[in-house]
Amino acid sequence: MTHRLYYEDAYLKEFEATVLECKPCDAQAHNSFNPKERIGPDRYCVRLDRSAFYPTSGGQPYDTGILGERRVLDVYVDNSGMVWHVLDGTLEAGKKVVGTIDWPRRFDHMQQHAGEHMLAGQFFHSLHGHTIGLHLGAEFSSIDVELPGGEMRVDAETLEEIERQVNENIQRDVPIVCSFPDSQTLAQMRLRKPPTVREHVRVVSIGDFEAVACGGTHPSSTGQIGLLKILDARPSRGKMRVCFVCGMRAYRDYQRRFEVIKEVAEGFSTGFEELPRCVEGLKERLYQAEHELVALRRRALLDGADQMLQNAQPGAAGQVVCAFVEADAALLRDLATNLIERPGIVALLGAKAGENCLYVFARSADVEADMGALIRSAAAQCGGKGGGKKDFAQGGGPAEMLEIAKLSLIS
């Protein structure tokens with residue numbers, strides 16, 4: 001097995017090793033963590049006698065950096081426990097090379113992973129919630145928490161309290177200790193959950209409030225996590241998915257939000273403290289404006305009914321009013337009702353609704369035509385749908401549906 005130097009020193013940024021093997025990468029060599037773009041004619045898998053590069057494992061992504069003169073694009077472990085480095089070129093077997101870790105990426109992962117331990121531990125202590133795995137993404141991280149009784153939500157106040165307690169423990173700057181305890185010592189340790197392996201169990205202990213088996217990399221103390229911020233918590237596959245950021249990610253998240261809030265506040269010519277009041281006022285004015293606009297559109301459309309009647313065409317059943325108008329379903333029905341108050345009218349009305357159209361077909365009481373049958377027939381010819389009574393029917397479908405219905409009445 002490859003000697004994994006990051007177990008001994010997570011802060012090791014540069015190391016020397018011997019190339020044991022170099023071969024072209026193929027699909028069989030990769031495990032499920034590795035994306036297909038890492039496989040190609042210019043991709044080579046290299047095995048070393050020792051390595052400080054962390055391979056994808058336990059929800060923590062692989063390290064990148066430089067090995068010899070080649071870029072490290074991916075790192076993974078095969079079924080025998082060997083660590084393989086995916087490079088953009090070859091290295092000579094037997095040659096000594098220097099590996100350099102992309103430290104900002106590594107330290108970011110260390111912050112997120114240690115923050116996850118503290119967050120998962122606090123959910124366990126506060127709510128008896130059991131964390132199922134970690135996903136460390138490029139922008140934020142997430143854990144799935146299994147809560148007692150199948151619950152998948154907690155209230156905002158509880159989340160805030162958990163976040164506060166985690167950040168208080170971060171500020172205490174207590175030690176984070178990674179160790180391989182012997183079986184007797186391990187049996188006496190109060191781990192948050194049982195280890196998934198039986199031999200060579202590595203335990204990460206944080207102060208006196210968190211201990212769990214883990215093979216990832218972590219800072220040497222909680223103060224280096226900096227800050228943890230919960231971004232979201234919602235149900236997911238029977239559990240509660242909690243998204244969070246730590247360290248510089250939390251700072252960048254705060255900076256983005258600050259800039260947005262600042263820009264919005266300047267737009268309102270006010271301080272950020274007044275933004276909720278300003279937004280509520282804007283929402284109320286928008287609601288009133290939309291209400292007035294709907295009323296104006298309704299009045300204009302209904303006032304235009306007489307003009308629509310003047311443009312009606314004679315048909316076998318009566319005068320046919322056929323038109324597309326700008327209206328929602330309710331206003332379309334109201335317009336049809338207005339038109340058929342006159343005798344001898346058939347109203348075929350449509351309105352755009354996304355890619356398709358809404359339709360209302362209606363007739364005056366003295367007209368014999370069957371609107372339900374008419375709309376079903378027109379819909380069947382163009383892939384639409386519809387139905388209703390003899391005097392009033394509704395449906396939806398392509399734009400040609402209205403023309404099909406019209407031709408059946410005036411031809």
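Residues numbered from 1 in each chain as written. Predicted model: local features only at pLDDT ≥ 70, side-chain atom pairs only at ≥ 80, totals over all residues. Heavy atoms only, no water.

- Under the annotation held in an unreviewed UniProt entry, the protein carries the name Alanine--tRNA ligase and is attributed to Candidatus Pullichristensenella excrementigallinarum.
- Listed under Cofactor (unreviewed entry) in UniProt, the entry text for the protein is "Zn(2+)".
- Listed in UniProt under the heading Sequence similarities (unreviewed entry), the comment for the protein reads: "Belongs to the class-II aminoacyl-tRNA synthetase family." (UniProt positions renumbered as here; feature names shortened; annotations may be inferred.)

**Observations regarding the overall build of the protein**
At step 1: Within the protein, the regular secondary structure consists of nine helices and 21 strands.
At step 2: Against the compact-globule benchmark of 22 Å for 411 residues, the protein has a radius of gyration of 34 Å, which places it well outside the compact range.
At step 3: For the protein, the C-alpha atoms occupy an extent of roughly 95 × 55 × 45 Å along the three principal directions.
At step 4: Long-range contacts, defined as pairs at least 24 residues apart, comprise 62% of the intrachain contacts of the protein with a sequence gap of at least 6. (Helix = DSSP H or I, 4+ residues; strand = E, 2+ residues; numbered from the N terminus. Rg over C-alpha atoms; globule rule 2.2 N^0.38 Å. Contact = heavy atoms within 4.5 Å.)

**Structural notes on the sheet that holds strand β11 (residues 176-179)**
At step 1: The strand order across the open sheet built from three strands is β11-β12-β13, with neighbouring strands paired in antiparallel fashion. In this open sheet, the two strands that pair with only one neighbour each are β11 and β13 (210-213). Strand-to-strand, the axes of this sheet are offset by a mean angle of 15 degrees, without reference to chain direction.
At step 2: Taken together, the four bridges between β11 and strand β12 (residues 203-206) define a ladder with antiparallel strand orientation. Its bridge partner lying in β12, Cys178 is registered against Val204.
At step 3: The strands touched by helix α1 (residues 103-127) are β11, β12 and β13; relative to β12, the strand with the most contacts, the crossing angle is about 70 degrees. (Pairing = 2+ DSSP bridges. Axes fitted to C-alpha atoms, helices over the stretch in contact; angles between N-to-C directions.)

**Examining the packing of aromatic side chains**
At step 1: All chains considered together, the criterion is met by nine aromatic pairs.
At step 2: Put simply, the rings of Tyr6, Tyr7, Tyr54 and Phe180 pair up and form one aromatic cluster.
At step 3: Its end group placed over the ring of Trp84, Lys23 keeps NZ or CZ at 4.4 Å from the ring centre.
At step 4: Just above the ring of Phe324 sits the side chain of Lys352; from NZ or CZ to the centre is 5.6 Å. (Phe/Tyr/Trp six-rings, centres within 6.5 Å; stacked < 30°, edge-to-face > 60°. Lys NZ or Arg CZ within 6 Å of the ring centre and 35° of its normal.)

**Structural notes on the packing of α1 against helix α2 (residues 156-171)**
At step 1: It is the contact of α1 with α2, at a shortest axis distance of 10 Å, that shows an interaxial angle of 125 degrees. Classified by the interaxial angle, the pair formed by α1 and α2 is oblique. Of the two elements, α1 crosses α2, and the hand of that crossing is right-handed. Residues Met118, Leu119, Gln122, Phe123, Ser126 and Leu127 of α1 pack against Thr158, Leu159, Ile162, Gln165, Val166, Asn169 and Ile170 of α2.
At step 2: Looking at the contact of α1 with α2, its residues break down into eight nonpolar, five polar and no charged. (Parallel < 35°, antiparallel > 145°, perpendicular 65-115°, else oblique. Left-handed = near helix turned anticlockwise from the far one by under 90°. Nonpolar A, V, L, I, M, F, W, Y, C, P; charged D, E, K, R; others polar.)

**Concerning the pairing of strand β10 (residues 141-146)**
Side-chain positions along a regular strand alternate between the two faces of the sheet.
At step 1: Along β10, five of the six residues are buried, which leaves the element largely enclosed by surrounding structure.
At step 2: Following strand β9 (residues 130-136), the chain reverses through four residues before pairing antiparallel with β10.
At step 3: Bridge analysis of β10 against strand β15 (residues 239-246) gives five bridges, and the strand direction is antiparallel. Residue pairing for β15: Ser141 is matched across the bridge by Phe244. (Buried < 20%, exposed > 50% of the residue type's maximum accessible area, 1.4 Å probe, protein only.)

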